[in-house]
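Single-letter residue listing:
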Amino acid sequence: MIDWDDIRYFLAVARGGSVRAAAEGLGVYHSTVLRRIAQLEERLGAQMFEKLPSGYRLTAAGEEVLELANQMEASSHQLETRVFGRDQSVRGLLRVTLAPSLATHLLMPDFADFARLHPDIEMEILSSGELANLTNREADVAIRVVYDRKTLPLNLHGLKGPELFGGVYMSCDRLAAWRAGTPDPIRWIVISIHGIPDWASEGEVRTTGAPFRITDAEAQIVAVRRGLGITTLPCFVGDADPLLVRVPGTDLHMYGTLWLLTQGETRKTKRVRLFTEFVSRRLAAYAPLLAGLSISRD
C-alpha cells in the first residue's frame, strides 16, 4: 500500500522542482525528502524523477503519478474538512490569516479578548503577509481586504465587514516645519512593491526629494514618524497615531471591504463560528475608524 506521506513528498518535489525547495516547504531535512522519494519509487517499481543540472524533472511514470497524487491530495483535504466540520468542541487549534497591519494595529487586542473567553482554543495567527490557502487547510479563517467581491473564490463562505479607507500622512512636526518654510526636502515614503498610488499625488505639500523605499509596513510607519516625508496608510493606522496628521488637501481612498472568509465544512465547527461572530461584531464597532470618520476631515 502506498503511504500518503510519500505522496506528499513527491508532490513537494514535483511542484518545487528540487529536493531543496521541497525540504524547505515541508520543514524537513534534505535527506528525509530523498528517503521518502526512494521509498515511493521502490513501492511503485519506477523512477519518478530525472535529476538535471537545473533541478528535478518528472519522468513519464512521474507524470502519470502526478495526476493521481493531485486527486489523492484533494480527497485528503476534503476528508479533513468534513471531519473538522463535525467538531463542535470549544477546544483545539484555530488558525487565522490576515495582513500584518490588521493584526498589529487593530485586532490583536480583540484576539486577546477572544483567547481569554475561550482558554481551551489554541490560536495561531498567520500574519506574514502571504495569502494562506483555505481550501488546503493552511488556515481556518481569513480576514482579507477585498476590492471586488466578484474576485472571491466560489468555494469560500464570506461574512462581509466594514469598508476600509486609506489616506496620505506625514508627521505633525514635519508639517509644522513645512508651514514654517523649512527647506529640507520632503520625500515620498513607499513600500517598494506598491509605489505611489495615483490618488495620493494631489495635496498642498509637494515632494521634492528622491523617494525613500522600504520593504515592510512597520518600517514605513517609523520613517514617516521620523519626518522623512509623506506616505499612504490605512486610516485605522494613520488616524490612531498621535504623531501623524493627514496631509492638507488630500482625500481618502477606499482600499476595499473587509471580509471574514471560511471554507466548506470548516465554517460549521463551533470554534470557527464563535470566532467569526466575535470578530464580526468587533469590526462593526471599528467601522468609523476604518472609514476615516473618527477624526474631522479638515
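Please read these numbers as outputs of a predicted model, since none were measured by experiment. (Residues numbered from 1 in each chain as written. Predicted model: local features only at pLDDT ≥ 70, side-chain atom pairs only at ≥ 80, totals over all residues. Heavy atoms only, no water.)

## Some details on the overall build of the chain
As a reminder, the rule being used: We count a stretch as a helix when DSSP gives it H or I for four or more residues in a row; a strand needs E for two or more, and each element gets its number in order from the N terminus. When a residue's accessible area, from a 1.4 Å probe over protein chains only, is under 20% of the maximum for its type it is buried; when over 50% it is exposed; and in between it is partly exposed. Contact criterion: two residues are considered in contact whenever any of their non-hydrogen atoms come within 4.5 Å of each other. Accessible surface is estimated by sampling points in the Shrake-Rupley manner with a 1.4 Å probe; for residues, cover comes only from the protein chains shown.
Within the chain, the regular secondary structure consists of 10 helices and 11 strands. Across the 298 residues of the chain, 40% fall into the buried class. For the chain, the share of sequence-separated contacts (at least 6 apart) that also reach a separation of at least 24 residues comes to 74%. Carbon and sulfur atoms make up 52% of the accessible area of the chain, which totals about 16,400 Å².

## Some thoughts on the packing of aromatic side chains
How we decide: Any two of the Phe, Tyr and Trp rings considered here, Trp counted by its six-membered ring, make a pair once their centres fall within 6.5 Å; the pair's planes then place it as stacked at under 30 degrees, edge-to-face at over 60, or tilted in between.
A full pass over the atoms with the stated rule returns 5 aromatic pairs. Their ring planes at 55° and their centres at 5.5 Å tell us that F114 and F278 sit as a pair that is tilted. With a gap of 164 residues between them, F114 in helix 5 (residues 100-117) and F278 in helix 9 (residues 270-285) connect regions that are remote in the sequence. A relative accessible area of 7% means that F278 is categorised as buried.

## Focus: the pattern of salt bridges
For clarity, the threshold we go by: Salt bridges are defined by distance alone: a side-chain nitrogen of Lys or Arg within 4 Å of a carboxyl oxygen of Asp or Glu.
In the structure shown here, the tally under the stated rule is 10 salt bridges. Between R57 and E50 there is a salt bridge whose closest N-O contact spans 3.0 Å. You can call R57 partly exposed: its relative accessible area is 46%. Judged by relative accessible area, which is 34%, E50 ranks as partly exposed. Notably, a salt bridge pairs D241 with R225, separated by 2.6 Å at the nearest N-O pair. In this pair, D241 is assigned in the loop between helix 8 (235-238) and strand 10 (244-246) and R225 in helix 7 (residues 217-225), connecting sequence segments 16 residues apart.

## Some words on the environment of L58
By the secondary structure assignment, L58 is in strand 2 (residues 55-58). Classification of L58 by relative accessible area gives buried; the value is 16%. Setting aside chain neighbours within four positions, we find L58 in contact with F10, A14, M48, F49, E63 and L66.

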